[in-house]
Amino acid sequence: MAIAFALSLPTPPPPPLRAARRRRRCTAAAPRRALPRAALVQARPGAPPGPAADGGDVSIQPAPSTALTVAAAAAAVRDRAEEVQAEVRAMARAANVSVYSPELLSSRYGSRPLKVVLRTLEIFTTLGFFAGKLFVDEKRGLLEQNKRSRAAELRRTFTKLGPTFVKIGQGLSTRPDICPPEYLEELAELQDALPTFPDSEAFACIERELGLPLESIFSSISPSPIAAASLGQVYKAQLKYSGQFVAVKVQRPGIEEAIGLDFYLLRGLGFLINKYVDFVTSDVVALIDEFARRVYQELNYVQEGQNARRFKKLYADKQDVVVPDIFWDYTSAKVLTMDWVDGVKLNQHQAIEKQGLKLLDLVNIGIQCSLRQLLEYGYFHADPHPGNLLATPEGKLAFLDFGMMSETPEDARLAIIGHVVHMVNRDYEAMARDYYALDFLAPDVDVSPIVPALKNFFDDALSSTVSELNFKTIVDGLGAVLYEYPFTVPAYYALILRSLTVLEGLALYADPNFKVLAASYPYFAKRLLTDPNPYLRDALVELLFKDGRFRWNRLENLLVQGRKDRDFTTKEALQPVLKLLLGSGGEELRALVVKEAIRVTEAVVFGALLDAYSATPAFLKPLISNGSDVGPFKLRDGEQEQMLALRDQVFRIWGLLRASDTFDPSLLQPILQVLQEPEARSLGERVAGGITQRLAARLLQQVLKSPAPPQ
């Protein structure tokens with residue numbers, strides 16, 4: 001968007017701190033930080049150093065590269081210190097920001113009955129009028145015909161009722177399980193296409209909040225907002241001190257008063273629902289309080305800036321994820337200044353394709369980043385609608401708007417991965433017990449009645465492979481189960497469902513057969529194979545062993561899927577398993593491994609002998625097989641095929657490990673060191689002894705020509 005005007009008034013001298021920073025940032029030798037490509041920066045190169053002025057002896061100087069490294073490190077420390085000081089000043093400007101308090105709202109509006117009654121009438125008449133139209137449409141059989149126009153009318157109704165209902169509409173716009181497609185499309189416009197407030201009020205707010213004239217901060221600023229959301233609107237500006245383009249977010253005037261009254265009314269409605277509506281098992285008041293608390297947090301733009309900084313530190317280490325930096329000197333409770341990021345919203349499919357980008361690639365970036373958010377660090381973006389996700393010209397995914405964030409408890413993060421394992425194993429009793437760790441059920445609730453419901457749903461859903469399941473199918477099916485039993489869905493889990501549902505919904509536009517679980521499976525496989533967490537190690541053993549038998553097909557599938565994750569390494573996949581095997585509590589596992597090692601060795605030896613027999617000239621084969629037409633060995637029906645299949649599967653798994661980009665024969669060295677430990681030597685002796693006994697039994701079997709029962 002073109003910058004509409006340039007301010008050319010005299011610039012007052014900048015504060016010493018800002019002037020010092022400007023001098024350093026305009027020096028090419030030690031830049032403060034690498035700026036995103038989407039940001040434009042003006043910089044003046046510094047003058048090259050000249051010779052010494054005096055003619056004295058030249059002292060020994062550090063090597064140029066060392067001197068530059070030290071200088072860069074010192075500059076980085078100074079810049080970081082300045083950034084911390086600027087953030088402290090921004091926090092001071094936001095010291096009096098309001099926080100959500102039901103008691104404060106009660107005292108404020110409990111003594112203003114007229115205002116409360118008028119707002120109540122406005123809400124009920126507006127929504128009642130819309131509901132009446134739907135009722136008439138249904139009676140006349142016009143519900144489908146008028147769906148598009150009614151969806152647009154609902155969007156206008158929410159906009160008319162103000163910011164609180166706009167936030168409700170935004171939430172509905174990401175719920176395809178609740179709203180038809182026509183409503184989803186119309187309500188999606190509530191994300192960043194809302195009515196604006198006067199620009200003069202916005203500019204006055206900037207000056208009042210930052211305590212500086214507008215012309216001393218920006219050399220230019222757009223005369224009208226480039227986007228308007230429920231709580232504020234955004235301008236594009238150019239910083240005067242650096243020439244860098246930034247996004248300036250300004251809060252709507254009177255927003256706190258508007259949402260405060262609405263939450264007071266909604267909370268009263270929640271009390272009535274809790275008391276008189278029996279089929280609603282959740283605490284509606286608690287849900288409203290959680291929603292209100294998050295909206296109030298969005299009113300503090302300093303907190304949003306801190307959220308962005310934390311998100312960037314955790315997740316922007318990946319080269320395909322972009323998070324804008326915050327300019328703390330120009331940020332307060334109601335004004336947020338951040339890097340300008342050029343990009344296209346993820347729901348603008350044609351614009352993405354015109355840039356030569358693929359929507360599915362961007363969605364996969366979003367899914368992988370979301371999985372890291374949800375299951376690694378637990379700190380995640382709770383409002384990932386298309387207006388907050390941009391495709392940059394370089395094919396990266398930019399995250400915006402960090403007002404609504406949430407956290408997944410550590411126990412829940414592990415339980416989610418374990419839940420996937422239990423689903424794959426169809427262990428419905430374990431799935432039901434997972435709901436304790438996920439905070440879905442109180443500890444005193446009996447899960448035994450829930451198991452049949454889970455079995456009925458998942459036996460049907462898992463008729464295909466897990467990776468072929470549609471995420472919405474899982475959400476809808478679980479929703480039906482949750483509705484029937486005393487579940488309480490925690491706020492973090494509802495936000496997780498919302499996040500992944502949004503991403504899957506975006507992908508379905510480009511590929512109707514896209515499955516978010518298929519895109520997620522490589523991450524789960526990598527975590528199971530490489531994470532040393534004891535809970536996940538137990539989950540891996542549970543996945544690979546069943547009824548005392550190792551399931552090689554599961555290991556092969558995990559390796560195939562895990563290799564699709566760019567962070568997967570062969571070394572990490574081998575080491576934790578050995579530590580688990582040789583640990584103090586691994587005796588039961590060692591017994592299983594000994595048994596399986598004997599089976600594999602037997603399969604490899606017999607496979608080699610069969611290969612040698614196949615390569616033997618035809619005239620010699622009757623001599624070796626003693627005239628038998630079935631081959632050199634006397635085995636039970638199908639036993640030879642089973643051994644060859646096992647041998648081939650083990651070889652394929654070894655091939656997968658060797659084919660990994662990160663495979664290096666030297667990674668086996670620490671494994672050999674581990675095998676020198678007493679437990680490992682004892683394990684090796686047991687394997688060797690078992691193999692000797694098994695091969696001796698097979699030899700005796702061939703001599704006696706009587707097939708031995710399989711062990």
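The structure reproduced in this document is the subject of the present report. (Residues numbered from 1 in each chain as written. Predicted model: local features only at pLDDT ≥ 70, side-chain atom pairs only at ≥ 80, totals over all residues. Heavy atoms only, no water.)

1. Topic: a nonpolar patch on the surface
Residues Leu-114, Val-117, Leu-118 and Leu-121 make up a contiguous nonpolar surface patch of roughly 400 Å² in combined accessible area. Counting through the fold element by element, Leu-114 comes out in helix H4 (residues 113–140). For Leu-114, a relative accessible area of 62% gives the class exposed. (Patch = residues over 30% accessible without salt bridge, like charges linked within 9 Å, V, L, I, M, F, W, Y side chains within 5 Å. Areas by Shrake-Rupley, 256 points an atom, 1.4 Å probe, with all protein chains shown as cover. Salt bridge = Lys/Arg side-chain N within 4 Å of Asp/Glu carboxyl O. Helix = DSSP H or I, 4+ residues; strand = E, 2+ residues; numbered from the N terminus. Buried < 20%, exposed > 50% of the residue type's maximum accessible area, 1.4 Å probe, protein only.)

2. Considerations on the nonpolar core
Ranked by internal contacts, the top residues of the largest apolar core, which has 108 residues, are Phe-311, Leu-346 and Leu-454. With sequence-adjacent residues up to four places away left out, Leu-346 is seen in contact with Ile-352, Leu-359, Leu-362, Pro-386, Leu-389, Ala-391, Leu-397 and Leu-506. Formed by 30 residues, the second largest nonpolar core is a distinct cluster that contains Leu-105, Leu-154, Phe-165 and Leu-261. (Core = buried A, V, L, I, M, F, W, Y, C linked by side-chain atoms within 4.5 Å. Contact = heavy atoms within 4.5 Å.)

3. A word on helix H22 (residues 552–562)
By the criterion of burial, H22 is predominantly enclosed, with eight of the eleven residues buried. Among all positions of H22, only Trp-552, Arg-554, Leu-555, Glu-556, Leu-558, Leu-559, Gln-561 and Gly-562 are buried.

4. Quick notes on helix H8 (residues 199–210)
In this model H8 runs 17 Å from its N-terminal to its C-terminal C-alpha over twelve residues, within 8% of the 16 Å that 1.5 Å per residue would give. The set of residues buried in H8 consists of Ala-202, Phe-203, Cys-205, Ile-206, Glu-209 and Leu-210. Looking straight down H8, one finds its buried side chains confined to an arc of 155°; they lie on one side. Turned more than 90 degrees away from the buried face of H8, the exposed residues are Ser-200 and Arg-208. Two residues or fewer after H8 comes Gly-211, characterised by a positive phi angle close to 70°. (Expected span 1.5 Å × (residues − 1). Arc of directions from axis to C-beta.)

5. Here's the deal with the sheet that holds strand E10 (residues 397–399)
With respect to topology, four strands assemble into an open sheet ordered E5-E10-E9-E7, the strand pairing being mixed. Every other strand in the sheet has two partners, leaving strand E5 (321–322) and strand E7 (344–345) as the edge strands with one partner each. Across the sheet, helix H14 (residues 359–377) lies against E5, strand E9 (389–391) and E10, angled at about 45° from E10, the strand it touches most. (Pairing = 2+ DSSP bridges. Axes fitted to C-alpha atoms, helices over the stretch in contact; angles between N-to-C directions.)

6. Re the packing of aromatic side chains
As enumerated under the stated definition, the model contains 13 aromatic pairs in all. Ring centres 5.8 Å apart and planes at 40° place the aromatic pair Tyr-109 and Tyr-264 in the tilted group. Separated by 155 residues along the polypeptide, Tyr-109 in helix H3 (residues 102–109) and Tyr-264 in helix H10 (residues 255–276) bring together distant segments of the chain. By relative accessible area, Tyr-264 is classed as partly exposed at 25%. Between Phe-311 and Phe-402, the ring centres sit 5.2 Å apart and the planes meet at 50°, which makes this aromatic pair tilted. Of this pair, Phe-311 sits in helix H12 (residues 301–315) while Phe-402 sits in the loop between E10 and strand E11 (405–407), and the two are 91 residues apart along the sequence. The two residues Phe-311 and Phe-402 agree in class, both being buried. (Phe/Tyr/Trp six-rings, centres within 6.5 Å; stacked < 30°, edge-to-face > 60°.)

7. A look at the pattern of salt bridges
For the structure on display, the rule yields 25 salt bridges. For Asp-262, the salt bridge goes to Arg-119, with nearest N and O atoms at 2.7 Å. Here Arg-119 lies in helix H4 and Asp-262 lies in helix H10, a separation of 143 residues in the sequence. As far as the burial class goes, Asp-262 and Arg-119 line up, both buried. The salt bridge partner of Arg-647 is Asp-648, with a shortest N-O separation of 2.9 Å. Shared partners join several salt bridges into a network, and the residues in it are Lys-133, Asp-137, Arg-150 and Glu-153.

8. Topic: unusual backbone geometry
Of note in the backbone geometry, Asp-401 takes a positive phi value of approximately 60° without being a glycine. Note that Asp-401 resides in the loop between E10 and E11. For Asp-439, which is not a glycine, the phi torsion comes out positive at approximately 65°.

9. Some words on the packing of helix H21 (residues 534–544) against H22
Interaxial distance between H21 and H22 falls to 8 Å at its minimum, and their mutual angle equals 125°. Relative to H22, H21 is oriented oblique. Residue-level inspection shows Leu-540, Leu-543 and Leu-544 of H21 in contact with H22, the latter providing Arg-554, Leu-555 and Leu-558. The residue inventory of the contact of H21 with H22, partitioned by class, reads five nonpolar, no polar and one charged. (Parallel < 35°, antiparallel > 145°, perpendicular 65-115°, else oblique. Nonpolar A, V, L, I, M, F, W, Y, C, P; charged D, E, K, R; others polar.)

All we've got here are geometric facts, nothing functional implied.
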